[in-house]
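The primary structure of each chain is shown beneath.
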2 protein chains.
Amino acid sequence: MKERTHVSSLREKIGSEVTIKGWAHAVRKQGSLAFIMVRDISGIVQIVVTKEAPEALELSKDLHLEDVISVTGTVKEAKQVEAGVEILVTSLEVLTHAAPELPIQVVEKSSSEAEQQARMDWRFIDLRKPERALAFKTWTIMENAFVRYCTEQGYINIHSPKLMGSASESGSEVFEVKYFDRKAYLAQSPQFYKQMAMTAGFEKVFEIGPVFRAEPSFTTRHATEFTGYDIEISFIDSHYDVMAEEERFIVAMMTDVKEKLGEEIKKQLGVEVVVPTMPFPKVTMKEAKEILGQMGVESEKPGDLSPEEERKLCEYIEKEHGHQFVFVTEYPITVRPFYHMRLEEDKTLTKSFDLLFKGVEITTGAQREHRYDILVEQAKDKGMDVPSLQYYLDFFKYGAPPHGGLGMGPSRMLMKLLNLESVRDAMFLYRGVKRISP
Amino acid sequence: MKERTHVSSLREKIGSEVTIKGWAHAVRKQGSLAFIMVRDISGIVQIVVTKEAPEALELSKDLHLEDVISVTGTVKEAKQVEAGVEILVTSLEVLTHAAPELPIQVVEKSSSEAEQQARMDWRFIDLRKPERALAFKTWTIMENAFVRYCTEQGYINIHSPKLMGSASESGSEVFEVKYFDRKAYLAQSPQFYKQMAMTAGFEKVFEIGPVFRAEPSFTTRHATEFTGYDIEISFIDSHYDVMAEEERFIVAMMTDVKEKLGEEIKKQLGVEVVVPTMPFPKVTMKEAKEILGQMGVESEKPGDLSPEEERKLCEYIEKEHGHQFVFVTEYPITVRPFYHMRLEEDKTLTKSFDLLFKGVEITTGAQREHRYDILVEQAKDKGMDVPSLQYYLDFFKYGAPPHGGLGMGPSRMLMKLLNLESVRDAMFLYRGVKRISP
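Computed from a prediction, not measured in an experiment: that's the story for all the values here.

Rules of the game
Residues numbered from 1 in each chain as written. Chains lettered and ligands numbered in written order. Predicted model: local features only at pLDDT ≥ 70, side-chain atom pairs only at ≥ 80, totals over all residues. Heavy atoms only, no water. Helix = DSSP H or I, 4+ residues; strand = E, 2+ residues; numbered from the N terminus. Contact = heavy atoms within 4.5 Å. Least-squares fit on C-alpha atoms with pLDDT ≥ 70 in both. Polar contact = N/O pair within 3.5 Å; in protein donor to acceptor, adjacent residues only side chain to side chain. Pairing = 2+ DSSP bridges. Axes fitted to C-alpha atoms, helices over the stretch in contact; angles between N-to-C directions. Buried < 20%, exposed > 50% of the residue type's maximum accessible area, 1.4 Å probe, protein only. Buried area = accessible area lost by both parts, 1.4 Å probe. Salt bridge = Lys/Arg side-chain N within 4 Å of Asp/Glu carboxyl O. Nonpolar A, V, L, I, M, F, W, Y, C, P; charged D, E, K, R; others polar.

Asks: Quick one: what's the story with the environment of A:Leu349, residue by residue and with numbers?
Replies: Residue and element names in this part refer to chain A. Within the fold, Leu-349 resides in the loop between strand 13 (325-329) and strand 14 (352-357). Sequence separation of Leu-349 and Tyr-331 is 18 residues, and the distance between their C-alpha atoms is 5.8 Å. Sequence-distant contacts of Leu-349, that is, excluding residues within four places in its chain, are made with Glu-330, Tyr-331, Pro-332, Ile-333, Met-341, Arg-342 and Leu-343.

Next up, the structure:
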């Protein structure tokens, strides 16, 4: 590839001739001058075309917004503009013309429902907004930190199948697939398979992959397909070991994000990235309900938190402990799946937790029941169809270690980290009940 | 978690008391002594139980193969055994009993078709074999290197949806999903979406995720669901820029694998990991056919390579150039999809390539056609249903940069790297026409 300079590096090249490539973000013609804002993935810079470059000036007459161009010229200091530099053009090449009428504008902010639908219809134009791309730069840094942390700590990276012969956890909310002459189902989580990895002796595994929920939800927090980060660990003493591990990888993720993108996030979105201190605050569900009761927040459902209760609890923790995260532990069995291990001292409660971040649940985890007989009993208690679970129950027959793990939603974490309006803005392409394109 | 030592660290602890946890890999009772081989994810060690530890000796009488145990004792040098150490037990705890009859054995090698099916039925026991787990340790190191390389090089990590409103490339070989009151399809590759990321100005993206192929193939190289590594890059001059990038990330992957697991791979599997030199050998399809002709290999299909031709070509390259990789370039349009860019000098050929590794194709890549009008023409030429492609074609209407990319199969790469019999051994759980469980 020919030498090409990114906009973000121009300050280091004052006085030099460079070639930049990108999109015509704004075009202004003024007599025998043209001012073009050129946008690449790293930033936006103004280029100035004068009659010293007659061919370039001629070309800029027909330039449209969002044309893809290659520009060669000299970098000049320009204290009056935000970038601090501009380029005096010697030559200009139009790589690809854009159609003159754009379906949505790159610069415009949208707020109405119709505009939001248009943004999703034309997501590739919407994503050209620098603040939208920033979400995915942040995702990249976050995920790299997670992968590195797990790899360095001796985890095995698995990719479990998304096509399953039977529904993973419950029959409802599962997508059915036509699989040759039979039916298959899309995995609602890698839960059963990462537990299988424990019984395979893999000891610690992580997985990054899509999960599918045929859930008719229309909230800003839900989607029918989203990315999950999952871990599972053997030979734990309790769910506290799993929470400690999550604290460590979240600190690794947030440290990288702050270091590499903290300034850009502050500038673009006005958000301060805070690396949390360890240990994170922890309250039991019982304590959470007491706190919320004292705050006068109505309990909608015993043993579980409504979105409103999650918000209020986080406000309380932030105020009292100065922390953006809080673990809520020991959920009652009534709201937890059959495979969560129960507390020795109170069999109605589970060794489980959720992690809340800035008012939203981003993780569910637990120690799992690894003892075959107890697991079968718990499945029956919950009214599960035990024969259809037999392949899963079999994992625990031939030597299963004590283990636990968690599943985290990076889109929700990113949404809160960057104060985005909706989880849809923290997904490359959102999938919902009524949204399956582009 | 209580202090626990992995078997691989025991040599550093000679003379100390340690606790190890793992599976009873072999049990031998001899008078008032018991010898137990304990296996964890890092290795296997012999523990010796004598009458000095009467409770442990009593427990070991009832010990079964694959029971999960925790053992405390003193590490002693033992030159006669491979591990170089053994543990003299002071206490033993059975964490979980295994059922006495195992459906398959951990130690046994299987070769018959029936045995292979049993291995897949009981994959979690099969994966307990250290050489099987090694494949996934290698995968972990390989993938971490890929993610790190891309992140450091400024790629954006995307997770494109696997649920699509219409089939991604062709209507055949696609799985259909019941999506609320309509139909959806599982993505056969992230191709269209990573191209969308280019038109969104993301410039360089990578994706790791599942791809789905409803292909009734029964070879050792095919599966209905597998993991893909994908990249896409903007502002390239040609497909040579994409190949150069693949060389760099493969070198990064192989360097890490050799450094971290080279010795273990040699010991367990007898395979030498070779870090390839750059640039990799490259031959055009025309040259490849000439070489094969001179070797007396029959051409099954003009412009494409049969598995036999791939093997023979790699043998030739290895002999002549001492290289395990070879790029085959410039495939004719007849065997390439409509969106591959054509060569200026010969419109019947494409700016495309495959990468072969030790006899098997592991990558397909190309420069893509980014010019809307030409792309539409090429789709028509190929007899595609243009209206159903319109959402994709629209990506190229509003300013699309020149770009190209590739899709790589890590399971195939791993299969060849470790000389595994089948791609099934390089997948955590294989999915085929007749295999959708566990």
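Asks: Residues and numbers for the relation of the copies chain B and chain A, please.
Replies: Between chain B and chain A, the superposition needs a rotation of 180 degrees and an axial shift of 0.0 Å, giving an RMSD of 0.0 Å. The two molecules are tied by a two-fold rotation axis, judged by turn and shift. Relative to the rotation axis, the closest C-alpha in chain B is found at B:Val177, a distance of 2.2 Å.

Asks: Got a sec to walk through the side chain of A:His222? Specific residues and values, please.
Replies: Residues and elements named next belong to chain A. Inspection of the secondary structure assignment puts His-222 in the loop between strand 10 (204-212) and strand 11 (225-234). Polar side-chain contacts of His-222 include one of 2.6 Å to the side chain of Thr-219. Excluding residues that lie within four positions of it along the chain, His-222 makes contacts with Glu-215, Ser-217, Arg-412, Val-423 and Tyr-430.

Asks: Could you give me a rundown of the sheet that holds strand 4 (residues 68-77) of chain B, with the residues and numbers involved?
Replies: Residues and elements named next belong to chain B. Strand order in this closed barrel of five strands is 1-2-3-5-4, and the pairing throughout is mixed. Each neighbouring strand pair of the sheet contributes to a mean axis angle of 50 degrees, computed without reference to strand direction. In terms of strand pairing, strand 4 meets strand 5 (residues 85-96) through ten bridges, oriented antiparallel. Bridge pairing links Lys-76 to Glu-86 in strand 5.

Asks: How would you explain unusual backbone geometry if you had to name every residue and give the values?
Replies: Residue and element names in this part refer to chain A. For the bond from Met-278 to Pro-279, the omega torsion is -5 degrees, close enough to zero to count as cis. For Phe-180, which is not glycine, the phi torsion reads 50 degrees and is therefore positive. Summarising the element assignment, Phe-180 is placed in the loop between strand 8 (176-179) and strand 9 (182-186). Residue classification places Phe-180 among the partly exposed residues on the basis of a relative accessible area of 29%.

Asks: Give me the lowdown on the pairing of strand 9 of chain A, citing residues and values where you can.
Replies: Residues and elements named next belong to chain A. As paired strands, strand 7 (residues 163-164) and strand 9 are joined by two bridges and run antiparallel to one another. Looking across to strand 9, one finds that Leu-163 is bridged to Leu-186. Here four bridges tie strand 8 to strand 9, and the two strands are oriented antiparallel to one another. In the strand pairing of strand 9, Glu-176 is matched with Tyr-185. Linking strand 8 to strand 9, which pair antiparallel, is a turn of two residues; within it Phe-180 sits at a positive phi near 50 degrees.

Asks: Outline the side chain of B:Gln46, supporting the account with residue identities and numerical values.
Replies: Residues and elements named next belong to chain B. Summarising the element assignment, Gln-46 is placed in strand 3 (residues 43-49). A relative accessible area of 14% places Gln-46 in the buried class. One polar contact links Gln-46 to Glu-86, side chain to side chain, over a distance of 3.2 Å. Excluding residues that lie within four positions of it along the chain, Gln-46 makes contacts with Arg-28, Phe-35, Ile-36, Met-37, Glu-86 and Ile-87.

Asks: Pulling in residues and values, what's your account of the interface of chain B and chain A?
Replies: Facing 98 residues of chain B, the contacting portion of chain A comprises 98 residues. Buried surface at the junction of chain B and chain A, both sides included, amounts to about 8,300 Å², of which 68% is carbon and sulfur. For the pair chain B and chain A, the interface holds two salt bridges. Across the salt bridge formed by B:Arg4 and A:Glu203, the nearest N and O atoms sit 2.9 Å from each other. Sort the elements by how many residues they give to the side of chain B that touches chain A and helix 4 (residues 130-152) of chain B lands first, with eleven residues. A per-class count over the side of chain B that touches chain A returns 55 nonpolar, 19 polar and 24 charged. Alignment of strand 8 of chain A against strand 8 (residues 176-179) of chain B, held across three bridges, turns out to be antiparallel. Across the sheet, the residue bridging to A:Glu176 is B:Lys178, located in strand 8 of chain B.

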